[in-house]
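# Overview (structure and organization)
The primary structure of each chain is shown beneath.
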There are 2 protein chains.
Amino acid sequence: MKRPMISDAFFNPGTIAVIGATKRHGFAYGVAHYLVNNGYRDKISLVNPKETEIFGLPVYPDITAVPGKIDLAIIVIPARAVFQAVKGCIAKGVGAIIIESAGFSEIGSEGARIEQEIAGILDGTPTRIIGPNCVGVMNPHNGFATTTNNLGVVRPGNIAIVAQSGVFGNILLDWVPSQDIALSKVITIGNRLDVDEVDVLEYLVNDKETDVIVLYLEGVKDGHRFIKTASKVARIKPVVVLKSGRTEQGRAATASHTGSMSGDDAIYNAVFAQSGIIRAYSIQELFDIAKVFATQPIPAKSDLAVVTSSGSLGAMAVDACVKLGMNLPTFSAQTIRNVRENAPGWMNVRNPLDVGPSPLFGPAVQAALDEPAVGSLILIPVVPQMVVENIAGSTMENGIPLWFGNISEIRARVPEKPVVSFTLGSPEWVRHLQNFLGVDIPLLNSPENAARALYELNRRGKRRH
Amino acid sequence: MKRPMISDAFFNPGTIAVIGATKRHGFAYGVAHYLVNNGYRDKISLVNPKETEIFGLPVYPDITAVPGKIDLAIIVIPARAVFQAVKGCIAKGVGAIIIESAGFSEIGSEGARIEQEIAGILDGTPTRIIGPNCVGVMNPHNGFATTTNNLGVVRPGNIAIVAQSGVFGNILLDWVPSQDIALSKVITIGNRLDVDEVDVLEYLVNDKETDVIVLYLEGVKDGHRFIKTASKVARIKPVVVLKSGRTEQGRAATASHTGSMSGDDAIYNAVFAQSGIIRAYSIQELFDIAKVFATQPIPAKSDLAVVTSSGSLGAMAVDACVKLGMNLPTFSAQTIRNVRENAPGWMNVRNPLDVGPSPLFGPAVQAALDEPAVGSLILIPVVPQMVVENIAGSTMENGIPLWFGNISEIRARVPEKPVVSFTLGSPEWVRHLQNFLGVDIPLLNSPENAARALYELNRRGKRRH
């Protein structure tokens, strides 16, 4: 039976119940603790028959004993007690439930049976359930989270992450701030007793804060339904997927559950291709592609330029672009004149443009952006750290703009051309360069990923025509 | 004519002349400044006809005016003056010269002509020249460097880096400390007017401090000579290469010089395969493979185990291993019993072994290492950062060992099996985990690189039989 769409109650609830709130340190403690400390104290009701007061808040023995309406219930009690709790939520008219508890179908048939029983009582109700065996949702735009991550370090943005695994989702959240990935929503769907990846796609396609959807999948629950929805969604918003279980042993490792689309990785390739979904093959590639879609326009032409201060890294970027079928056009006489004007004699003014240790990085970026034959740009600003630190006694932070020029401003003048970048250096160097380039010039993890991301932008442009 | 082997004078000179030492800030200043400040004050003589004193040291007008013997001359003067300086060095009997100046064959025919003239006067002398257009050498074991990098942050070790480009070499040195890559030598060979990659291989194969050789190449100068030497060297020490210019436009970007082996990337693949050289396809893969060869033994069998606390990352590692033809054997009943003993009910004890958020990571590593069917191990210790920070109020540094157990000690008991690892998290998390795992469990950049490195270790083992 067709279930109702999942609602905003999952991401912006007016009232919340935490079923299983406890004083004992651990995950269940952390979930309630996060909400109390992050602006949700007035909106949460705690439920636990063994407690009377936690964080100075009253604790109710049962969800039905909580006064008033509850939009979202978060369940963090042992698996065996979850069925009764869900029954209580349905009786209370709670429309959104997140079951974070583990110990269900991922551990065997007894757990699977409980999941089926719970799914059974949902029929005919408006209640939707995310989970079990997940960490629920995070919404960086309002600071709401049903897990224990420090959402304060995650920048609100327009990329939504959907992951099956809760552990993986949480670890990604520790990692994304260093990658300067700005998020709209994070949703871990766990064992998918009710809500699955298709429900989430249907929600995100209409979510105003989401422009790009990142999926980490271990298996699709219903292949036909997935293709039908994903095809529609991918026409509207780019969907980038990392699918593990590409080999038989990898599939065994993901312990795919009953109902998952089984079989060959080639089938998934066909499904993704048919749906217009972009497939990534590593975590870094997944997020580098997403970051570029989240910040860059679709280019008018696939020909591109590379501007670099290292000939070696420039050559790696060119290799990667050409391997993907992209072309680096010859610069026009005008562009060559524009660069040559102030260039030292040793500089070979061509595409790729290697400005070496000269102060011409900024002017070269400007000339390449203005070149009519060029649709997009890869920038590789690198220089030995000490060189930049030694400019008139500068710190790295001050030295970088002195060395490379005002790239953000130059870039802003030609917003219709995508610009991506790569660098190499110490973690401090990368962090300072990321701040210097700003959000409109994403810094990626390799020259290969820069090429792949631009390739995918171009493919999307072509599909649209 | 066969030239003499390059000597230790390049890496451990008793006396050094800096030709072109100057008071003006810039690269030439930096080179002398580094030596003066890093224990070489008593060993250097400065040469510049326009100066009389720099850093409180006398400055000689000409190399022939310097009293006593000079082992190594570093030339940092404009290209047009280099020929005379080299003539002076030869007259003085200097056996080792590094020309760091740019403006030679990389910028056109006039520069190429100067190179040829210099090469001409070397014939019949014992003098060897590295460069021009490079930053020379670094020796982390004695703190000697002919460039301006902060060698203090580079850990001395057993990996030698050979790169053509000076800029790239310097940038790599900024990057390697964060990767915990420990180096024996760094050699940038520039335009190779005399010393080329083959000379360097011949030196490094006998260098006691070097166990693994990393080559970044844009082209080989003499294909036949390269195959002959590289085949011999690769039998003794692993050689890992990253070759750019894989496409025609990439080759144009590297502006390969006269005499370089030209043509198709397929030829290079054949050359590398014939020589027993390992080819990497990205910077991170290059160094991840090198790091594993530098720290791990050749395994007795290619079957491996994966121990992880994230099922998702475990599945990615398994996929990558299986794609490369490696196998994850079923654990013996004994191993399963050893893990099951303390395992929570939800844990699925098999290979890959996902211990999830349990305290079983250490015991699982021990059981997998003791398993006779397993030749090597991939460890994926990950956990949401906050979980570790919250263990009894711990800091991340204290929490990590409490959570994962004494992995280094467990690993040390079975030194004959290679162990590699991968994690995901904030930069601080990665740094603390790197310290925790120690040098005998290298932390790599992706599950895919972990698989590739073990695959190459196994291939080397098979070639040896």
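For the structure itself, look to the data block above.
We now turn to the structure provided with this report. (Residues numbered from 1 in each chain as written. Chains lettered and ligands numbered in written order. Predicted model: local features only at pLDDT ≥ 70, side-chain atom pairs only at ≥ 80, totals over all residues. Heavy atoms only, no water.)

What follows deals with the nonpolar core. Of all hydrophobic cores here, the largest spans 216 residues; its most connected members are Phe226(A), Ile283(A), Leu424(A), Phe226(B), Ile283(B) and Leu424(B). What Phe226(A) contacts, discounting residues up to four positions off in sequence, is Glu197(A), Val198(A), Leu201(A), Leu215(A), Leu217(A), Val220(A), Ser231(A), Val271(A), Phe272(A) and Ile277(A). (Core = buried A, V, L, I, M, F, W, Y, C linked by side-chain atoms within 4.5 Å. Buried < 20%, exposed > 50% of the residue type's maximum accessible area, 1.4 Å probe, protein only. Contact = heavy atoms within 4.5 Å.)

In this section: the pairing of strand β17 (residues 376–380) of chain A. Residues and elements named next belong to chain A. Across the 5 residues of β17, 5 count as buried, placing the element largely inside the fold. Across the two faces of β17 the burial is the same, with Ser376, Ile378 and Ile380 and Leu377 and Leu379 all buried. Bridge count for strand β15 (residues 304–308) against β17 is 5 bridges, and the pairing is parallel. Looking at the pairing, valine 306 lines up with isoleucine 378 of β17. The sheet contact formed by β17 and strand β18 (residues 419–422) spans 3 bridges and is parallel. Across the sheet, leucine 377 pairs through a bridge with valine 419, a residue of β18. (Helix = DSSP H or I, 4+ residues; strand = E, 2+ residues; numbered from the N terminus. Pairing = 2+ DSSP bridges.)

Here the focus is the relation of the copies chain B and chain A. One chain copy maps onto the other through a rotation about an axis and a shift parallel to that axis. You can overlay chain B on chain A at an RMSD of 0.0 Å; the transform is a turn of 180° with a shift of 0.0 Å along its axis. Viewed as a symmetry operation, the transformation between the two copies matches a two-fold axis. Ranked by how close their C-alpha atoms come to the rotation axis, the residues of chain B are headed by Pro427(B), at 3.9 Å. Both copies share a contact surface, since 100% of the interface residues of chain B are interface residues in chain A too. (Least-squares fit on C-alpha atoms with pLDDT ≥ 70 in both.)

Turning our attention to the interface of chain B and chain A. It is common to give the size of an interface as the accessible area lost on bringing the parts into contact. The interface of chain B with chain A comprises 58 residues on the first partner and 58 residues on the second. Here chain B and chain A share an interface that buries about 4800 Å² over both sides, 63% of which is from carbon and sulfur atoms. Taken together, the connections running from chain B to chain A amount to 0 salt bridges. Here chain B and chain A share 17 residue pairs in polar contact (both at pLDDT 80 or more) between them. At the level of elements, α4 (166–175), α7 (248–254), α9 (283–295), α10 (311–323) and α13 (385–389) of chain B are the ones that each hand at least two residues to the side of chain B that touches chain A. Considering only residue class, the side of chain B that touches chain A consists of 28 nonpolar, 23 polar and 7 charged. (Buried area = accessible area lost by both parts, 1.4 Å probe. Salt bridge = Lys/Arg side-chain N within 4 Å of Asp/Glu carboxyl O. Polar contact = N/O pair within 3.5 Å; in protein donor to acceptor, adjacent residues only side chain to side chain. Nonpolar A, V, L, I, M, F, W, Y, C, P; charged D, E, K, R; others polar.)

Another point: the pattern of salt bridges. All names here are of chain A. Applying the stated rule across the entire model yields 34 salt bridges over all chains. Residue glutamate 209 pairs with lysine 185 through a salt bridge whose shortest N-O separation is 2.8 Å. In this pair, glutamate 209 is assigned in the loop between α5 (197–204) and β12 (212–217) and lysine 185 in strand β11 (residues 183–188), connecting sequence segments 24 residues apart. The exposure class of glutamate 209 is partly exposed, given its relative accessible area of 33%. Between arginine 192 and glutamate 197 there is a salt bridge, with the nearest N and O atoms lying 2.8 Å from each other. Each member of the pair, arginine 192 together with glutamate 197, is buried. Several salt bridges share partner residues, and in doing so they unite Arg3, Arg128, Asp194, Asp196, Asp199 and Arg225 into one network.

In this section: helix α10 (residues 311–323) of chain A. Residues and elements named next belong to chain A. Taking 1.5 Å per residue as the helical rise, α10 with its 13 residues ought to reach 18 Å, and the 18 Å between its terminal C-alpha atoms agrees with that figure. Across the 13 residues that make up α10, a large majority, 10, are buried. The first or second residue beyond α10 is glycine 325, which carries a positive phi of 90°. (Expected span 1.5 Å × (residues − 1).)

All names here are of chain B. Listing the buried residues of helix α16 (residues 427–437) in full gives Trp429, His432, Leu433, Gln434, Phe436 and Leu437. Residues of α16 that are buried sit in contact with α13, α14 (396–404), α15 (407–412), β18 (419–422) and β19 (443–444). Two residues or fewer past α16, glycine 438 is found with a positive phi of approximately 75°.

Moving on to the environment of Leu172(B). Following the sequence through the fold, Leu172(B) ends up in helix α4. Accessibility expressed as a relative area gives 2% for Leu172(B), which makes it buried. Separated by 11 residues in the primary sequence, Leu172(B) and Ile161(B) place their C-alpha atoms 9.3 Å from one another. With residues up to four places along the chain from it excluded, the contact list for Leu172(B) reads Leu424(A), Ile161(B), Ile283(B) and Phe287(B).

The next thing to look at is the sheet that holds strand β8 (residues 137–139) of chain B. Residue and element names in this part refer to chain B. Strand order in the open sheet formed by 7 strands is β9-β8-β11-β10-β12-β13-β14, with mixed pairing between adjacent strands. Where the open sheet ends on each side, the last strands, each with one partner, are β9 (144–145) and β14 (278–280). The pairing of strand β10 (residues 156–163) with strand β11 (residues 183–188) spans 6 bridges and is classified as parallel. Within β11, the residue paired with alanine 160 across the bridge is lysine 185. Running over the sheet, helix α8 (residues 265–275) touches β13 (239–243) and β14 and is turned about 140° from β14. (Axes fitted to C-alpha atoms, helices over the stretch in contact; angles between N-to-C directions.)

Residue and element names in this part refer to chain A. The topology assignment puts serine 358 in the loop between β16 (353–354) and α12 (361–370). According to the relative accessible area criterion, serine 358 is buried, its value standing at 2%. In terms of polar contacts, serine 358 uses its side chain to reach the backbone carbonyl oxygen of valine 355, at 2.9 Å. The residues touching serine 358, leaving out its near neighbours within four places in the chain, are Pro344, Trp346, Met347 and Trp403.

All right, on to the packing of α10(A) against helix α17 (residues 447–464) of chain A then. Residues and elements named next belong to chain A. Put simply, α10 and α17 touch, their axes get as near as 8 Å, and they point 35° apart. Handedness of the α10/α17 crossing: right-handed. On the side of α10, the interface is formed by Met316, Ala317, Ala320 and Cys321, while α17 contributes Pro447, Glu448 and Ala451. Class assignment of the residues belonging to the contact of α10 with α17 gives a composition of 6 nonpolar, no polar and 1 charged. (Left-handed = near helix turned anticlockwise from the far one by under 90°.)

In this structure, Ser165(A) sits in the loop between β10 (156–163) and α4 (166–175). Within the structure, the side chain of Ser165(A) is placed 3.3 Å from the backbone nitrogen of Val167(A), a separation counted as a polar contact. Only 2.9 Å separates the side chain of Ser165(A) from the backbone nitrogen of Phe168(A), close enough to count as a polar contact. Non-local contacts of Ser165(A), meaning those with residues more than four positions away in its chain, are made with Thr188(A) and Ser312(B).

The omega torsion of the bond from Asn351(A) to Pro352(A) falls at 5°, within 30 degrees of zero and hence cis. Its location among the elements puts Pro352(A) in the loop between α11 (333–340) and β16. Between Gly131(B) and the following residue, Pro132(B), the backbone shows a cis peptide bond with an omega angle of 0°. Relative to the assigned elements, Pro132(B) resides in the loop between β7 (128–130) and β8. A positive phi angle, close to 65°, is found at Asn133(A), a residue other than glycine. Examined against the element boundaries, Asn133(A) turns out to sit in the loop between β7 (128–130) and β8 (137–139). For Asn133(A), a relative accessible area of 25% translates into the label partly exposed. Here Arg192(B), not a glycine, exhibits a phi torsion of approximately 60°, which is positive.

We now examine the pairing of β10(B). When a strand is regular, its side chains alternate between the sheet's two faces. All names here are of chain B. Along β10, 7 of the 8 residues are buried, which leaves the element largely enclosed by surrounding structure. For the crossover from β10 across α4 to β11, the handedness is right-handed. Summarising the sheet, β10 and strand β12 (residues 212–217) pair through 5 bridges and their orientation is parallel. Across the sheet, residue isoleucine 161 finds its bridge partner in β12, namely valine 214. (Right-handed = clockwise from strand over helix to strand, strands pointing away.)

Our focus in this paragraph is the packing of α4(A) against helix α9 (residues 283–295) of chain A. Residues and elements named next belong to chain A. Where α4 meets α9, the axes come as close as 13 Å, and the angle between the chain directions of the two elements is 60°. Pair α4 / α9 crosses with right-handed handedness. Across the interface between the two elements, Phe168, Leu172 and Trp175 from α4 touch Ile283, Gln284 and Phe287 from α9. Of the residues belonging to the contact of α4 with α9, the class tally is 5 nonpolar, 1 polar and no charged.

Another point: the packing of aromatic side chains. Applying the stated criterion across every chain yields a total of 20 aromatic pairs over all chains. Measuring from ring centre to ring centre gives 5.4 Å for Tyr29(A) and Phe55(A), while their planes differ by 50°; the resulting arrangement is tilted. Here Phe55(A) lies in the loop between β3 (53–54) and β4 (57–60) and Tyr29(A) lies in helix α1 (residues 27–37), a separation of 26 residues in the sequence. Taken together, a centroid distance of 5.1 Å and an interplanar angle of 75° make the contact between Phe361(A) and Phe404(A) edge-to-face. Separated by 43 residues along the polypeptide, Phe361(A) in helix α12 and Phe404(A) in helix α14 (residues 396–404) bring together distant segments of the chain. Its relative accessible area of 1% is what places Phe404(A) among the buried residues. Members of the aromatic cluster, connected to one another through ring pairs, are Phe361(A), Phe404(A), Trp429(A) and Phe436(A). For the cation-ring pair, Lys243(B) lies above Tyr268(B), with the distance from its terminal atom to the ring centre recorded as 4.3 Å. (Phe/Tyr/Trp six-rings, centres within 6.5 Å; stacked < 30°, edge-to-face > 60°. Lys NZ or Arg CZ within 6 Å of the ring centre and 35° of its normal.)

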